[in-house]
Amino acid sequence: MTDTAKEPARQVAQGLTKMTPSEAFVETLVANDVRDIFGIMGSAFMDAMDIFAPAGIRLVPVVHEQGAGHMADGYARVSGQHGVVIGQNGPGISNCVTAIAAAFWAHSPVVIVTPESGTMGMGLGGFQEANQLPMFQEFTKYQAHVNNPKRMAELTARAFDRAMSEIGPTQVNIPRDYFYGDIETEIPEPFRLDRGAGGAQSLDEAADLLASAEFPVIISGGGVVMSDGVQECIALAERLGAPVVNSYLHNDSFPARHAQWCGPLGYQGSKAAMKLISQADVVIALGSRLGPFGTLPQYGMEYWPKDAKIIQIDADHKMLGLVKKISVGICGDARQAAAALTERLSSRELLCDDTREERAAKTKAEKDAWEAELDEWTHETDPYSLDAIAEAEDEEGNWLHPRQVLRELEKAMPARVMVSTDIGNINSVANSYLRFDEPRSFLAPMSFGNCGYALPTVIGAKAAAQDRPAVAYAGDGAWGMSMGEIMTAVRHDIPVTAVVFHNRQWGAEKKNQVDFYNRRFVAGELDNQSFAGIAEAMGAEGIVVEKLDDVGPALERAIDLQMNQGKTCVIEIMCTRELGDPFRRDALSKPVRHLEKYQDYV
Ligand SMILES: Cc1ncc(C[n+]2csc(CCOP(=O)(O)OP(=O)(O)O)c2C)c(N)n1
Ligand SMILES: [Mg+2]
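For clarity, every value in this text was computed on a predicted model and none was experimentally measured.

Asker: Just give me the short version of the pairing of strand β19 (residues 541-545), but keep the residues and values in it.
Answerer: Regular strands have side chains that alternate between both faces of the sheet. The sheet contact formed by β19 and strand β20 (residues 569-574) spans 5 bridges and is parallel. The partner of I543 across the bridge, within β20, is I571. One crossover worth recording links β19 to the parallel β20 by way of helix α21 (residues 551-565), and it is right-handed.

Asker: Give me the site of ligand 1: which residues, what numbers.
Answerer: As a matter of local geometry, ligand 1 sits amid 18 residues, with N425, D476, G477, A478 and A508 nearest to it. With respect to ligand 1, the backbone of C451 contributes an N or O atom lying 3.0 Å from a nitrogen atom. Between an oxygen atom of ligand 1 and a main-chain N or O atom of G507, the distance comes to 2.8 Å. Surface burial for ligand 1 is 79%, taken as the share of its 590 Å² of free accessible area covered by protein chains. When contributions to the shell around ligand 1 are tallied by element, the ones reaching two or more residues are α15 (425-429), α17 (476-482) and α19 (507-516). When residues in the shell around ligand 1 are grouped by element, the largest group, 4 residues, is from α17. Considering only residue class, the shell around ligand 1 consists of 7 nonpolar, 9 polar and 2 charged.

Asker: Residues and numbers for a nonpolar patch on the surface, please.
Answerer: Together, L595, Y598 and Y601 give the surface a local cluster of nonpolar side chains, amounting to about 320 Å² of exposed area. Positionally, Y601 belongs in the segment after β20.

Asker: Before we move on, can you summarise the layout of surface pockets with the specific residues and values?
Answerer: A volume near 250 Å³ is recorded for the second largest pocket. Surrounding the second largest pocket, 15 residues form its lining, P414, V417, R435, F436 and D437 being those nearest its centre. The class makeup of the residues in the lining of the second largest pocket is 8 nonpolar, 1 polar and 6 charged.

Asker: Which residues make up the nonpolar core, and what values go with them?
Answerer: Residues I277, L409, V471, Y473, F501, I571 and I573 are the most contacted members of the largest nonpolar core, which totals 61 residues. With 6 residues, α21 is the single largest residue contributor to this core. M71, F136, L443 and L455 belong to the second-largest nonpolar core, a separate cluster that totals 45 residues.

Asker: Describe the packing of aromatic side chains, naming the residues involved and giving the relevant values.
Answerer: The full count for this structure, using the stated rule, is 13 aromatic pairs. Here the aromatic residues Y248, Y267, F293 and F583 are joined through ring pairs into a cluster of three or more. Taking the ring centre of W304 as reference, the NZ or CZ of K324 above it sits at 4.8 Å. Between R504 and the ring centre of W399, over which it is positioned, the NZ or CZ distance is 3.7 Å.

Asker: Would you mind going over the sheet that holds strand β9 (residues 216-220) in detail, with residue names and values included?
Answerer: Here we have 6 strands laid out as an open sheet, ordered β11-β10-β9-β12-β13-β14, and parallel in their pairing. Edge strands, defined here as strands with exactly one partner in the open sheet, are β11 (261-264) and β14 (328-331). Mean inter-strand twist for the sheet, computed between neighbouring axes without regard to direction, equals 15 degrees. For β9 and strand β10 (residues 244-246), the ladder comprises 3 bridges, and the chain directions are parallel. Residue pairing across strands places I219 opposite V245, the latter belonging to β10. Across the sheet, helix α7 (residues 200-211) touches β9, β12 (282-286), β13 (309-314) and β14, and the angle it forms with β14 is around 135 degrees.

Asker: How would you summarise the coordination of the magnesium ion (ligand 2) if you had to cite specific residues and measurements?
Answerer: The coordination sphere of the magnesium ion (ligand 2) contains the protein donors D476 (OD), N503 (OD1) and Q505 (O), at a distance range of 2.1 Å. Sequence spacing of the donor residues for the magnesium ion (ligand 2), all on one chain, is D-x26-N-x1-Q. Placement of the pair is D476 in helix α17 and Q505 in the loop between β18 (497-502) and α19, with a sequence separation of 29 residues. For D476, a relative accessible area of 3% puts it in the buried group.

Asker: Account for a negative patch on the surface, with residues named and values stated.
Answerer: Together, E23, D47, D50 and D182 make up a negatively charged patch on the protein surface. Locating E23 in the fold gives a position in helix α1 (residues 21-31).

Asker: Any details on the pattern of salt bridges? Residues and values, ideally.
Answerer: For the coordinates displayed, the defined rule picks out 34 salt bridges. Between R192 and D161 there is a salt bridge; the shortest N-O distance is 3.1 Å. Within this pair, whereas R192 is found in the loop between β8 (183-185) and α7, its partner D161 is found in helix α6 (residues 152-165), the two being separated by 31 residues in sequence. Residue K511 pairs with D515 through a salt bridge whose shortest N-O separation is 3.5 Å. With a gap of 4 residues between them, K511 and D515 both fall in helix α19, about one helical turn apart. K511 gets classed as buried once you look at its relative accessible area, which sits at 3%. Linked through salt bridges whose partners overlap, the residues forming this network are E371, D375, R407, E410 and R435.

About the criteria used
Within each chain, residues carry numbers counting from 1 in the order of the written sequence. Chain labels run from A onward and ligand labels from 1 onward, assigned in the order the entries are written. Totals for whole chains, interfaces and linings use every residue, but because this is a predicted model, local features are given only for residues with pLDDT of at least 70 and side-chain atom pairs only at 80 or more, for both listing and counting. Excluded from the side-chain calculation are hydrogens and water; included are all heavy atoms of the structure. For two strands to be treated as a pair, DSSP must find at least two bridges joining them. Numbering of helices and strands starts at the N terminus; helices are DSSP runs of H or I of at least 4 residues and strands are runs of E of at least 2. Seen with its strands pointing away from the viewer, a crossover is right-handed when the path leading from the first strand over the helix to the second is clockwise. The criterion for a residue being near a molecule or strand is simple. One of its heavy atoms has to lie within 4 Å of it. Under this definition, polar contacts are N or O atom pairs within 3.5 Å; protein pairs additionally need one hydrogen-donor-capable and one acceptor-capable atom, and for neighbouring residues in sequence, both atoms have to be side-chain atoms. Every accessible area reported is derived by Shrake-Rupley at a probe size of 1.4 Å, with residue values counting cover from the shown protein chains alone. Charged residues are taken to be Asp, Glu, Lys and Arg, nonpolar residues to be Ala, Val, Leu, Ile, Met, Phe, Trp, Tyr, Cys and Pro, and polar residues to be all remaining types, Gly included. Patch rule: a residue counts if its relative accessible area is over 30% and it has no salt bridge; like charges are joined within 9 Å, and nonpolar side chains (Val, Leu, Ile, Met, Phe, Trp, Tyr) within 5 Å. When a carboxyl oxygen of Asp or Glu lies within 4 Å of a side-chain nitrogen of Lys or Arg, that pair is called a salt bridge. With a 1 Å grid laid over protein atoms only, a set of points is called a cavity when a 1.4 Å probe fits there but cannot get out and a pocket when it is open yet has protein on both sides within 12 Å along at least five of seven lines; lining residues have an atom within 4 Å of a point. Grid points are joined across faces, edges and corners, and a volume is the space filled by probe spheres set on the points. Residues enter a nonpolar core if they are buried and are Ala, Val, Leu, Ile, Met, Phe, Trp, Tyr or Cys, with the set joined through side-chain atoms within 4.5 Å. Categorising residues by exposure relies on relative accessible area from a 1.4 Å probe, with only protein chains included: less than 20% of the type maximum marks a residue as buried, more than 50% marks it as exposed, and the intermediate range marks it as partly exposed. Here a pair means two rings of Phe, Tyr or Trp (six-membered ring of Trp) with centres within 6.5 Å. Their orientation is stacked below 30 degrees between planes, edge-to-face above 60, and tilted elsewhere. The criterion for a charge sitting over a ring is simple: Lys NZ or Arg CZ within 6 Å of the ring centre, and within 35 degrees of the ring normal. Note on definitions: angles span 0 to 180 degrees between N-to-C directions of axes, and those axes are lines fitted to C-alpha atoms, for helices only across the stretch in contact. Residues are treated as being in contact if the distance between any of their heavy atoms lies within 4.5 Å. Nitrogen, oxygen and sulfur within 2.8 Å of a metal are treated as its donors, or within 3.2 Å for sodium, potassium and calcium (Na, K, Ca); water is not counted, so a site can appear incomplete. Positive residues here are Lys and Arg, negative ones are Asp and Glu, while His and the chain termini are left out of the count. Where a charge lies is defined by one atom per residue type: Lys uses NZ, Arg uses CZ, Asp uses CG and Glu uses CD.

Below is the structure:
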């Protein structure tokens, strides 16, 4: 669309023009097609905020700025556009640190706008004064400090450009007095990097390696989602007849309905995926940094194929060979690299062509076996879980097995759903039951792993894709950190559905106390209130589920409320205290005590 064809609010000032820095800032947002910003208002940027509405920008006021950061993350991950967050200098900004860290590890193009103390007071210990660049140093790809009001448009624009080209959060830090004054400025045209498939030499080497592979396996990573490359990944997979596994927490990087899809690697992932990749002689890690937690042993299985040759493709050359030893590293866009490889292989005979059917049968057999295992795996069977299940039988109320609940939720998921998950034991077990047919659908807290992620993130996702159903999963502990944002969903008509697994404990961490600390539980119990009741008090609908048969219908009802009546609903599911495998056995050791008074604590 040419600029003149846009609605008046979305037309950007052209050429060198007299304006205020506030206007330059807002015009730069418009040039970058910003329509929603998440945050809490403050005097620090009120002069710019005052003209958001006539520029066609909505400021979504949240309950807590951390929520705003997560919303910007969810918005970016689903739309592929920038997510933008803003807050008052000092506390409004420090409240965002966790969310920006999470967005960093999710590779989300989030721009955090951080108005700062005025230049004439900075350093004197004034009100809400803080050095706001060091706070985000580790979690941003680029930090712009507006050191002169005349540079407002230039530096704001650069933050928007870099968020896209570097695929991660950037910051624009603006002394609050620099919003005022008169300047002559030009609003820069957004610059979008035209990425390529990678170097011809590395692509050729990869094609040669693939041509001689007997059992190639593709890992489809986050880069496939971010580059909109699922179709190209499918084409490569079909040319090779190779099983495709999702990298950890990128379950939406390959359609689950496809015969070659095998499910996710990593914590609580798919045994089929793990068994198949363990047989690979060549692995193609497409758009994956091969993060260290994504390939840890699971189910007592060391599945990573140590002798396989690895072809790694990543848009960031610094990721190539960083975690795993590789044979070929391609610095390229996942979509274009997949297309370039398919093209190179199209007219070539491949060693694996001969075994296409045999490999397809093997893939199917592993998938069928894993589905059957999941169907039978109704509850956990370790001694602690069996005790917890027995205890639940003696208690008042009816408590459900999490795995059965997760299976029922899976069956009731609507088409095109977006699901965010939190950090917790039940949320992790959910990994086996979350399957997607379209990309930009799965929003997990990724490597930063913060509790309190799921609800605000899915609210941001819903703001970006109002026509899609949005569901958040959270444990009762993580829910407490974030549930206030239900008020944001209700107040601002961004209806979502949240499923709260009410197991009355900080389960994931308690599992470590079971495995390493002889069930000495410290600070693990949660004496919970009614989450459905709290939801109702916040203006949402609340449903309590105590029977397995009610799980699916509750989700269907909540989705109907969301999609047809614009209502937010919290489904509170009463679960036993049983616990699935822990995240990391590798990170803990059996306790050693030298002092007499702690001798029993081993
Ligand atoms: C912000 C933050 N604080 C603490 C932790 C450590 N932590 C990881 S999982 C977990 C327990 C989560 O409990 P809950 O949400 O109730 O889920 P459950 O494990 O019971 O399913 C905690 C405290 C974390 N990951 N993030
Ligand atoms: Mg819990």
